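What follows is each chain in one-letter form.
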Amino acid sequence: MTSRGPSWCGTAYVSSTGSLRTRCLSKRRPHQGSSSQVVWDSWVVDLPVCSGRYIYADILDFKNLQEKVVNEGIDWLIHFSALLSAVGEANVPLAIKVNIEGMHNILEVSKQYKLRVFIPSTIGAFGPTTPRNPTPDLTIQRPQTIYGVAKVHAELMGEYYHQKYGLDFRCLRFPGIISAETPPGGGTTDYSTEIFHDAVTTQRHECFLEHDTRLPMMYIDDCTRATAEVMELPEHRLKQRVYNIQAMSFTPAEIYAEVKKHVPDMEIEYKPDSRQAIADTWPQVLDDTNARLDLGWNHEYDLPKLVTTMLTKIRAQKEAKQRTAAQMEAAAM
């Protein structure tokens, strides 16, 4: 394989549909054109947001992955495919297949063809015995969800492949990711996206976490920029293979108070469900000092800017849907 360097040519995004993959594509395409990126999905989906090429691939089919890498001239892999925390707990056998077996195939094909590979990790990789505020890069990791167990496994396997085979493995431990582009996908931090949709529609939010549950968070633009920056760095800049990264940390009560500044009639009711027990084992604040020093990481979105941006985007989406509905109704008359 011929390495194409930091132009992001020959980059494959491997995922089910989701905000991370979608925004990484939209971030990079203006610089390089749609033909230089390939989207793989682990099951058939409709991708109206993607103007470039999309191909179906099964991450559980190693031969299929080999064919895609060779035929598409891939030299970088960005692997997002995973069942999230609450969804994984509801279907552990499927989570093991997708999150663990699929990841094994990604590492093996990356080793075989000498690819640069990015596999994100998460606050879910920590557990109740981890120091929660702040949580350092190197600490106790004893997660209590299959999602978290799989992420710890991915971190260790990636580091092992780097040490044993020289694989260029890169990993960022992300906090909760907030995006207006895709609906919540069953994660424990998803209330932080749902509250904005509720603010624009019903002005009432039922929160599945307690009011004082503090978790680290990040807006999607910071997340995709961090991914781009860590992939583009020369390998010698990385002093470790796995880094914590975050932008802000807040509770449901704090984000509600910020939303209420823009939506005075907003109401909230706290009805914790099974995700509360998961959140209680996760970090409250990630210590990302090493990422800021080694990678030059710096976030752009704090809580006030996040709230303003999300409300603006979701209001625009609502207005666009209303216009489309009105046009369709008029056309049908």
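The preceding data block contains the structure.
Residues numbered from 1 in each chain as written. Predicted model: local features only at pLDDT ≥ 70, side-chain atom pairs only at ≥ 80, totals over all residues. Heavy atoms only, no water.

A. The arrangement of the overall build of the protein chain in detail. On a plain count of helices and strands, the protein chain comes out with 11 helices and 13 strands. Across the 333 residues that make up the protein chain, the buried fraction comes to 53%. If you take every contact in the protein chain between residues at least 6 apart in sequence, the share linking residues at least 24 apart comes to 78%. About 14,400 Å² of surface is accessible on the protein chain, with carbon and sulfur atoms providing 52% of the total. (Helix = DSSP H or I, 4+ residues; strand = E, 2+ residues; numbered from the N terminus. Buried < 20%, exposed > 50% of the residue type's maximum accessible area, 1.4 Å probe, protein only. Contact = heavy atoms within 4.5 Å. Areas by Shrake-Rupley, 256 points an atom, 1.4 Å probe, with all protein chains shown as cover.)

B. Summary view of the sheet that holds strand S8 (residues 176–178). Across the sheet, three strands lie side by side as S8-S10-S12; this open sheet has mixed pairing. Only two strands of the sheet have a single partner each, and these edge strands are S8 and strand S12 (248–250). Taking the axes of each pair of neighbouring strands and ignoring which way they run, one obtains an average angle of 45° across the sheet. Across three bridges, the pairing between strand S10 (residues 215–219) and S12 is antiparallel. In the strand pairing of S12, Leu215 is matched with Phe250. (Pairing = 2+ DSSP bridges. Axes fitted to C-alpha atoms, helices over the stretch in contact; angles between N-to-C directions.)

C. Molecular detail of the pairing of strand S7 (residues 168–174). Within S7, seven of the seven residues are buried, which leaves the element mostly enclosed by the surrounding structure. Burial along S7 is two-sided: Asp168, Arg170, Leu172 and Phe174 and Phe169, Cys171 and Arg173, pointing in opposite directions, are all buried. For strand S5 (residues 116–118) and S7, the ladder comprises three bridges, and the chain directions are parallel. Bridging across to S7, Phe118 finds its partner in Arg170. Alignment of strand S6 (residues 121–122) against S7, held across two bridges, turns out to be parallel. Directly across from Ser121, in S7, lies its bridge partner Arg173.

D. Broad picture of the pattern of salt bridges. Scanning the entire structure with this criterion turns up 18 salt bridges. A salt bridge links Asp222 to Arg225, with the shortest nitrogen-to-oxygen separation between them at 2.9 Å. Of the two residues, Asp222 and Arg225 both sit in helix H7 (residues 220–232), three residues apart, roughly one turn of that helix. Here the two residues Asp222 and Arg225 agree in accessibility, since each one is buried. Note that Glu229 and Arg225 form a salt bridge whose closest N and O atoms lie 3.1 Å from each other. Within this pair, Glu229 and its partner Arg225 are both found in helix H7, separated by four residues, close to a single helical turn. (Salt bridge = Lys/Arg side-chain N within 4 Å of Asp/Glu carboxyl O.)

E. Broad picture of the nonpolar core. Of all hydrophobic cores here, the largest spans 54 residues; its most connected members are Leu172, Phe196, Phe250, Ile255 and Leu306. What Ile255 contacts, discounting residues up to four positions off in sequence, is Tyr191, Ser192, Ile195, Phe196, Phe250, Leu303 and Val307. (Core = buried A, V, L, I, M, F, W, Y, C linked by side-chain atoms within 4.5 Å.)

F. Spatial organisation of empty space enclosed by the protein. Throughout the structure, instances matching the rule amount to two cavities of 30 Å³ or more. Counted as a void, the largest cavity has a volume near 60 Å³. His79, Ser81, Ala82, Asn99, Met103, Ile119, Tyr147, Ala150, Lys151 and Ala154 are the residues that line the largest cavity. Sorting the residues of the lining of the largest cavity by element identifies helix H4 (92–112) and helix H5 (146–165) as the ones contributing at least two each. Per element, the largest residue contribution to the lining of the largest cavity is four residues, and it comes from H5. Tallied by class, residues from the lining of the largest cavity come to six nonpolar, three polar and one charged. By volume, the second largest cavity amounts to about 50 Å³. Along its surface, the second largest cavity is lined by Leu172, Ala226, Glu229, Val230, Leu233, Ile245, Leu295 and Trp297. Broken down by element, the residue count for the lining of the second largest cavity peaks at three residues, all from H7. (1 Å grid on protein atoms, 1.4 Å probe; cavity = no way out; pocket = protein on both sides within 12 Å on 5 of 7 lines; lining within 4 Å. Points joined across faces, edges and corners; volume = space filled by probe spheres on them. Nonpolar A, V, L, I, M, F, W, Y, C, P; charged D, E, K, R; others polar.)

G. Structural view of helix H2 (residues 62–72). Buried residues of H2: Asn64, Leu65, Gln66, Lys68 and Val69, and no others. Near the N-terminus of H2, the side chain that reaches the backbone nitrogen of Lys63, with its oxygen 3.3 Å away, is that of Asp61. (Polar contact = N/O pair within 3.5 Å; in protein donor to acceptor, adjacent residues only side chain to side chain.)

H. Broad picture of unusual backbone geometry. The omega torsion across Asn133 and Pro134 is -5°, close enough to zero to call that bond cis. Turning to its location among the elements, Pro134 is positioned in the loop between S6 and H5. The residue Lys114 is not glycine, and still its phi comes out positive at about 55°. Note on placement: Lys114 falls in the loop between H4 and S5.

I. Quick look at the packing of helix H6 (residues 191–201) against helix H8 (residues 252–260). One can describe the packing of H6 onto H8 by two numbers: an axis separation of 11 Å at closest approach and a directional angle of 30°. Taken together, the axes of H6 and H8 lie roughly parallel to each other. For H6 against H8, the interelement crossing comes out right-handed. Judged by residue contacts, Tyr191, Ser192, Ile195, Phe196 and Ala199 of H6 engage Pro252, Ile255, Tyr256 and Val259 from H8. (Parallel < 35°, antiparallel > 145°, perpendicular 65-115°, else oblique. Left-handed = near helix turned anticlockwise from the far one by under 90°.)

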